Structure formats: structure tokens, C-alpha cells
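Observations on the model geometry
Here is how the chains run, residue by residue.
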Amino acid sequence: MRKTIAVLNILTVFAFSCSTPEKAEIAEVRETKPEETQIVEEIEIPKELEKKVIANGDEKRTGSKTKIPLKTTMAAGQINGNGGIGVSGTGMGGGSSAYGTVSGYARRALNGRVAMSPVFYAQNTEQYESPDENGWKSAKTEPLSTFSVDVDTASYSNIRRFLTNHELPPADAVRIEEMVNYFTYNYPQPSNGDPVKISTELTSCPWKAEHRILKIGIKGKEIDLKKAPPSNLVFLIDVSDSMQSYNKLPLLKQSFKLLVNNLRDEDLVSIAVYAGAAGTILEPTPGSEKEKIISAIENLSAGGSTAGAQGIQLAYKLAEKNFIKGGNNRVVLATDGDFNVGISDDSALVKLIEEEKEKGVFLTVLGYGMGNYKDAKMEKLADKGNGNFGYIDNLLEAKKVLVNEMSGTLFTIAKDVKIQIEFNPAAVSGYRLIGYENRMLKKEDFNNDRKDAGEIGAGHTVTAMYEIIPANADVPPIVDELKYQKVEPAENLSPDETATVKVRFKKPDGDKSMLIKKTVKTDSFIDFEKTSADTRFAVSVAAAGMILKKSKEVEKLSWDFVVSSAKNSKGNDEHGYRAEFINLIEKSQLISSVK
């Protein structure tokens, strides 16, 4: 048996000596007592494999027999070889790491030992952050609710990745607002020169009959790409060792080629990369030279550590050097977010991005891969860098983000967009905002033009929903009446108005905000079954998000309702995104039923 295993090891060396296999992801490591073992086995080498093996610069075998020392080091459940290939374990070789059952770098010379272990354990280092779910507020004591818009969609496509792999996503990976905003809605276009417009719908709450749902929609102005200002784009691409997997750098290359094929002649593209260090591989090149740009992308390969901060600094320098006044100046960062060289702390990276954005350069962050995907880090960078954040799990998603919705992804029409709702205590007893937990602002931030907020791209739609308790509902009060002081609403306050919605925004190159507002009339209420298909579909998506997030508000929510409601409100579905959502929630229901 020992001879058989050893022969398999030699066959593995030759089979992988001229290739660079993909790196498998690692999940959970089992603790083991460290120990070191020296094994020497004399084995027969088949004649067809009688070739010279170079080890440490010397010929170690020319005949049909050889003694190969197999040094294994076992620590924390991982077996690490020093410079060889990994066989069902973790091995180092050819200057890099190997993870997997029979994988790793051998290159053309076997330079060191062979790493072996009888059991393979994976380690998942994905990172997510999720604040506590928004709670109920009293309209009498806290009538103002303030938050920043969020046009990111990364959470939805990441959830799809989990469900495609037949598992439910971690609750912290679910951001309900990003699920809802993944879809576009038929909101009215802005008018009077404003870049955005507010619309509202008031309907019944399908999971609590005595409650209501207030849906707020914001529509960004559409632009004609042919007449849009020229773009100065810097592609900042992570080519570190962690990007080798098929769903990282190979998918990234395909994604960016889709984008390049839709550039105009007047657009400029630069490409910077980072691994152990950062460098420029393509100086500013006009969109008319697509073959040159695509060739630079095709030649990318992964290897080395991840100096992400250095890459960010270089990309912004390139963008500033070629800055187009009145144009679209943007860094497009593509990575798994696993920075491990130089500045890697989230707060330090955020500070770096905040400093760079003052130069008038916007940011798009595209996440790739699994296993070491750093969702929390990338969301923070996009949030603080006047940007947006998407997760690319397949080529169709790349087409959606970079082709179908190119104008929204790359062209900002309003920045620092904030929403503030004032609820009328004569009509509303209590309310809670569904989602947007990490976008909440203080009420004083709404009028503070120094306070950063989210951006809206051309044609983007932003949707927010409140679950509200009407003032006449037969439910316990959110907050008891005060004993020592009274909070009195305005005199002769009428219940005819439910709320007033206010939106502040700045022009992309502006420093002073502008205000628009809309009043929600109480008599605009429509029963859920009679409200618009868009509203019913958005509520269905939010309900699915609450179930996946294990919300404390889902006592009477079921997958049956979500599936039925989504099917009945699919409406116009040009690209099939809503049909796909229905398939995903049906799969969620099945997975939940067998857990």
C-alpha cells in the first residue's frame, strides 16, 4: 500500500509539473497536535516516467529506483510541505501555495518536498458585517427617519451564488435594500431640470393586516450614452495569488472585455494591477483601440500577495493625471477584497479612499470569487469613495452591471443623496424602516452638506419601504406616555397626511445640496392586491430578504406567500431578472424544508 501511494505521488508530480492548477477554497480547520515525521520510501518508477528530476539544483534520479524523502509537518490540521506540491492538503511549491486534493505548483522542477495529508479540511474566511435590524420608532417622540440612499446590488448576486450552490446564505450577507434595488421599477422620470424624482405608494401590509407599507421610489435621470461626457476610466485589477480561481481572474477578464467592447472612441482607459506590488500595465488608451486594451487584459495572470492599498493609490494618481474636466472620472476596482500587504485595516483603507475621492474621482467596486471574499471591506470602500458596489458571480451578471446598466454603473447624476421622512403622529403611531441598517444617519446630518451619503447613477431606481402602524390601530403603543413632560403634536393636526418625504442631493461636481419633497396623503391608500405590480414585487423581495435574514418580524411570513406574490407581480421582465428571482426563492424554500 505504501508503495502504491508513493507511486501516485510521483505520477502527480509529473502530471502537474507543467501546469498551474486552480486554488480551491478552504473552509474549516481541525485542531491537531503538531508533529514532524521523516519518511523514506524506496519505490519502483515506471519506465515511461524515467526522466531526470531536478531537486535543489542536482540530479537526484537517473535510474529506475530512487529514495524520495517525504517530510510532512502537521499543524492545526494542515500538512505543509516545503516547496513541493500539495496532495490532499496544503503544500508550497514553485513560489506559491497549493490547496486541494491533488493540486499546487510544481512547475518544471520538483524543488523541495511533497506535502501529504489523509484528510482535507477547507477554511472559509469570507467576511460580512450586519448591524442590528431597524427597530420600531414612535412617530410622536421620533417623527424623523433619516438615511442615505444605496444603489449597491452586491448582496443580491452574492445570495444567488449561495443558493446556486444549494445552501442558504449567512444572515449577515443579506442586505434587504440591495435585494430590492437589484431590480428596476417603472417610476416617473424627473422633470423641471432635477436629476431625481420622488414617488410614493401606501398599501396594506401582507404579513400584518393592521399595519401598512409605505413605499418610496426615487428615479434617476436617464442619459443618452452617445451624448454623455467622455470617460476617464482606470481599471484597478487584483492579480494576486488569491485571484486564480475560475470565478475570479478568468471571469474578471471576460467581464472587462464586455465593458471595453461598449466604450466610445473618446473614452480613455488605463489599467493598473496589484499583487505584491502595484504597477501600470496600460497607459491611457482611447476606446477606439479596443484590441490593445483587450490584449492587456488577456495577458493578466495571478500570483503573489495583495498590496491593495498601494494599488488604490496608484489608480487614483492615474485618474488624476488624466482627469477630464466635466467628464466621467472613475476608478473601477475588481478584487476579492483580500488585502494582506501594506494598509489592510478597514478603517485605514476607508480613510485613504475618503482622501482620494476629494479629487473628484468616483469609484466602482466589483467583487469576485468565494471562500476569502471580503464583502464588508469592499462595501465600505464603495460607500466612502463616492461609489457603487456589485458582485459578479457569472458572466450574465457582468453583462447586467457593465453593459445593460452601464450608464447607471459608470455615470453619477447626483451625489450625497439623503432621504428624510417626517411622520405625522396624527396618522402614524409607529414605524420601522426595512433594511438600510448600515446607511442610517442622524437627523442633523440631513441638512449638513459636509456629511457624505450615497450616489445615484443615470437611470437608477432606489426603493425604500417602511412598515407603519396607523394611529387608529388597535395595538399597544411603541412608547408609553411620559409622566413628567408632554410631547404634543402641532395644534389641530390633521390625519389627512401620513408623512412628508424629503430628498437632498448635490450635482456630481457640486458642494451645495438641493432639496425636493413630496407629501404622502392618507387617502392615497390602496389595498395590497390592487396596488401596482412593482410595489407588490418589491414587497415580495423584501419579504424574502427578511426570511433569509431571520428577521424577528417574520412570524407570519412564509415562503408560500413570497413565491405566490412574486409570481403574481412579475410584470414586465425584459431581461428575465424577476423570473430568476422566483426560481431562487423556490430553491430557498426547498433548501429550508430539508435543513
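In this text the structure is predicted, and so the values were computed from the model without any measurement.

It is worth spelling out the side chain of Asn 328 at this point. Considering the arrangement of structural elements, one finds Asn 328 in strand 16 (residues 328–335). A polar contact is formed between the side chain of Asn 328 and the backbone oxygen of Leu 410, at a distance of 2.9 Å. Aside from chain neighbours lying at most four places away, what touches Asn 328 is Pro 230, Ser 231, Asn 232, Leu 233, Leu 410 and Phe 411.

Turning to the sheet that holds strand 18 (residues 387–391), a few remarks are in order. The mixed open sheet is built from 6 strands, whose spatial order is 15-14-13-16-17-18. The sheet is open, and its two borders are formed by strand 15 (278–286) and strand 18, each paired with just one other strand. Across the sheet, the axes of successive neighbouring strands diverge by a mean angle of 15°, strand direction being ignored. For strand 13 (residues 231–238) and strand 16, the ladder comprises 7 bridges, and the chain directions are parallel. Each bridged residue has a counterpart across the sheet, and for Phe 235 the counterpart in strand 16 is Val 332. Here helix 5 (residues 290–298) sits on the sheet in contact with strand 14 (268–274) and strand 15, set at roughly 165° to strand 15.

A few words now on helix 9 (residues 395–404). Side chains three or four residues apart in an α-helix point the same way, a direct result of the helix having 3.6 residues per turn. Taken together, the buried positions of helix 9 are occupied by Glu 397, Ala 398, Lys 400, Val 401 and Leu 402. Summarising the axial view, the buried residues of helix 9 lie within an arc of 160°, below the 170-degree limit, and thus occupy one face. Buried positions along helix 9 lie against helix 2 (154–164), helix 4 (249–260), strand 17 (362–367), strand 18, helix 10 (406–410) and helix 13 (577–594). Its side-chain oxygen at 3.0 Å from the backbone nitrogen of Leu 396, Asn 394 defines the N-terminal cap of helix 9.

Another aspect to go through is the environment of Leu 249. Among the structural elements, Leu 249 can be located in helix 4. For the pair Leu 249 and Leu 300, spaced 51 residues apart in sequence, the C-alpha separation works out to 8.2 Å. Excluding its chain neighbours within four sequence positions, the residues that come into contact with Leu 249 are Ile 237, Asp 238, Val 239, Met 243, Leu 300, Ser 301 and Ala 302.

Here the focus is the environment of Val 180. Note that Val 180 resides in helix 3 (residues 176–180). Residue class for Val 180 comes out buried when judged on its relative accessible area of 2%. With 357 residues separating them along the chain, Val 180 and Phe 537 place their C-alpha atoms 8.9 Å apart. Setting aside chain neighbours within four positions, we find Val 180 in contact with Tyr 185, Thr 463, Met 465, Ala 538, Val 541 and Ala 542.

Attention shifts here to unusual backbone geometry. Even without being a glycine, His 166 presents a positive backbone phi close to 65°. When you line up the elements, His 166 lands in the loop between helix 2 and helix 3. Phi angles above zero are rare outside glycine, and Tyr 436 is one such case at about 65°. With respect to the secondary-structure elements, Tyr 436 resides in the loop between strand 20 (428–434) and strand 21 (454–457). With relative accessibility at 1%, the residue Tyr 436 sits in the buried group.

Two elements in contact, helix 12 (residues 559–568) and helix 13, have axes separated by 10 Å at closest approach and are oriented at 165°. Accordingly, the angle class assigned to the pair helix 12 and helix 13 is roughly antiparallel. Judged by the twist between their axes, the crossing of helix 12 over helix 13 is left-handed. Of the residues in helix 13, those in contact with Trp 559, Asp 560, Val 562, Val 563, Ala 566 and Lys 567 of helix 12 are Phe 581, Ile 582, Ile 585, Glu 586, Ser 588, Gln 589 and Ser 592.

Calculation criteria
- Going along each chain's sequence as written, the residues are numbered from 1 onward.
- For this predicted model, a pLDDT threshold of at least 70 governs which residues receive local features, and a threshold of 80 or more governs which side-chain atom pairs are given and counted, while totals over whole chains, interfaces and linings are taken from all residues.
- The side-chain figures draw on all heavy atoms in the structure; neither hydrogens nor water molecules are used.
- Counting from the N terminus, the helices are DSSP H or I runs at least four residues long and the strands are E runs at least two residues long.
- Polar contacts, as counted here, are pairs of nitrogen or oxygen atoms within 3.5 Å of one another; within protein the pair requires one atom able to donate a hydrogen and one able to accept it, and residues that are adjacent in sequence qualify only if both atoms are side-chain atoms.
- By definition in these notes, contact holds between two residues if any of their heavy atoms fall within 4.5 Å.
- The pairing criterion for strands is at least two bridges between them, as found by DSSP.
- Orientation is described by lines fitted to C-alpha atoms, with helices fitted over the stretch in contact, and by angles between N-to-C directions that extend from 0 to 180 degrees.
- Partly exposed residues are those whose accessible area sits between 20% and 50% of the maximum for their type, while under 20% is buried and over 50% is exposed, using a 1.4 Å probe and protein chains only.
- To obtain the arc, one takes the directions from the helix axis to the C-beta atoms.
- In this scheme, roughly parallel covers angles under 35 degrees and roughly antiparallel covers those over 145, while 65 to 115 is roughly perpendicular and the rest are oblique.
- Handedness of each helix crossing follows the sense of rotation of the near helix against the far helix: counterclockwise by less than a right angle gives left-handed, clockwise gives right-handed.

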